[in-house]
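# Working through the structure, step by step
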Amino acid sequence: AQSVTQPDIHITVSEGASLELRCNYSYGATPYLFWYVQSPGQGLQLLLKYFSGDTLVQGIKGFEAEFKRSQSSFNLRKPSVHWSDAAEYFCAVGGYSNYQLIWGAGTKLIIKP
Amino acid sequence: NAGVTQTPKFQVLKTGQSMTLQCAQDMNHNSMYWYRQDPGMGLRLIYYSASEGTTDKGEVPNGYNVSRLNKREFSLRLESAAPSQTSVYFCASSGTGRDTIYFGEGSWLTVV
């Protein structure tokens, strides 16, 4: 079965510390991979996406993610978090079209001052 | 810079009542979507419209209907609301079915 797992429901990180959010997937074909961010009371915004090519993908707001096919993972990283990064982060995996996207349950990031 | 606009933002319904969620985008996108978001479950696609004049069921279409009124507008109707439809609803659009999805700010619906 196709699925996306974000193992951490909540993560708390101190401001200025590094961040890694985990995303594991099960998908039968070559996956297209996405990370979205949802700030409180807002809709989702695309952070980055991977379709093919370089497995290290750069996104907006200083985020990056690395596709590891052997581990079926697409973890999101940031070297130094800011208080404004507090939000919920969603990983999604899909095929050819957006209509096939499978969404993870999300990881809520809490920033400690 | 409106992007995707959906109304209302908050609504409380009684079981059995009907309502329509309105959505409009000003980005000249072909594809539009309705999702629901429930705690611990991520987003689930209710219906989508690949282009003006077409609509298709997503993962959880039961209890909902949609209308793609024109290229800009895509409405979601609950004919007889049930408590299980208490959720946050997101309208979204993309240029084509493979382009970046842009989301509205959400509509919080409570059915009592």
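Just so we're clear, the structure is a prediction, and the values are computed from it rather than from any experiment.

Secondary structure assignment for chain A yields zero helices and 12 strands. Starting at the N terminus and ending at the C terminus, chain A contains elements arranged as β-β-β-β-β-β-β-β-β-β-β-β. Compactness check: chain A gives a C-alpha radius of gyration of 13 Å against a globular reference of 13 Å for 113 residues, within 12% of the reference. In chain A, which comprises 113 residues, the proportion classed as buried is 48%. Long-range pairs, those at least 24 residues apart, make up 53% of the contacts in chain A between residues at least 6 apart in sequence. Of the roughly 5400 Å² of accessible surface on chain A, 49% is carried by carbon and sulfur atoms. Looking at charge distribution, chain A has the averaged site of its 9 positive side-chain charges lying 3 Å from that of its 8 negative ones.

The next thing to look at is the pattern of salt bridges. Residues and elements named next belong to chain A. Applying the stated rule across the entire model yields eight salt bridges over all chains. Salt-bridge contacts for Asp8 lead to Arg22; the nearest nitrogen and oxygen are separated by 3.0 Å. Within this pair, whereas Asp8 is found in the loop between strand S1 (3-5) and strand S2 (10-14), its partner Arg22 is found in the loop between strand S3 (19-21) and strand S4 (24-26), the two being separated by 14 residues in sequence. Because the salt bridges share partners, they merge into one network encompassing Glu64, Glu66 and Arg77.

So, on to the nonpolar core. Among the nonpolar cores identified, the biggest contains 28 residues, and Leu19(A), Trp35(A), Leu47(A), Leu48(A), Phe74(A), Leu76(A) and Tyr89(A) are the most heavily contacted of them. For this core, the elements supplying multiple residues, two or more each, are S2, S3, strand S5 (32-38), strand S6 (44-50), strand S8 (64-68), strand S9 (73-78), strand S10 (87-94) and strand S12 (107-112) of chain A. In terms of nonpolar packing, the next biggest core, distinct from the first, is built from 20 residues, Phe74(B), Leu76(B), Leu78(B) and Val111(B) among them.

Cut-offs and rules
Residues numbered from 1 in each chain as written. Chains lettered and ligands numbered in written order. Predicted model: local features only at pLDDT ≥ 70, side-chain atom pairs only at ≥ 80, totals over all residues. Heavy atoms only, no water. Helix = DSSP H or I, 4+ residues; strand = E, 2+ residues; numbered from the N terminus. Rg over C-alpha atoms; globule rule 2.2 N^0.38 Å. Buried < 20%, exposed > 50% of the residue type's maximum accessible area, 1.4 Å probe, protein only. Contact = heavy atoms within 4.5 Å. Areas by Shrake-Rupley, 256 points an atom, 1.4 Å probe, with all protein chains shown as cover. Lys, Arg positive; Asp, Glu negative; His and termini not counted. Charge placed at Lys NZ, Arg CZ, Asp CG, Glu CD. Salt bridge = Lys/Arg side-chain N within 4 Å of Asp/Glu carboxyl O. Core = buried A, V, L, I, M, F, W, Y, C linked by side-chain atoms within 4.5 Å.

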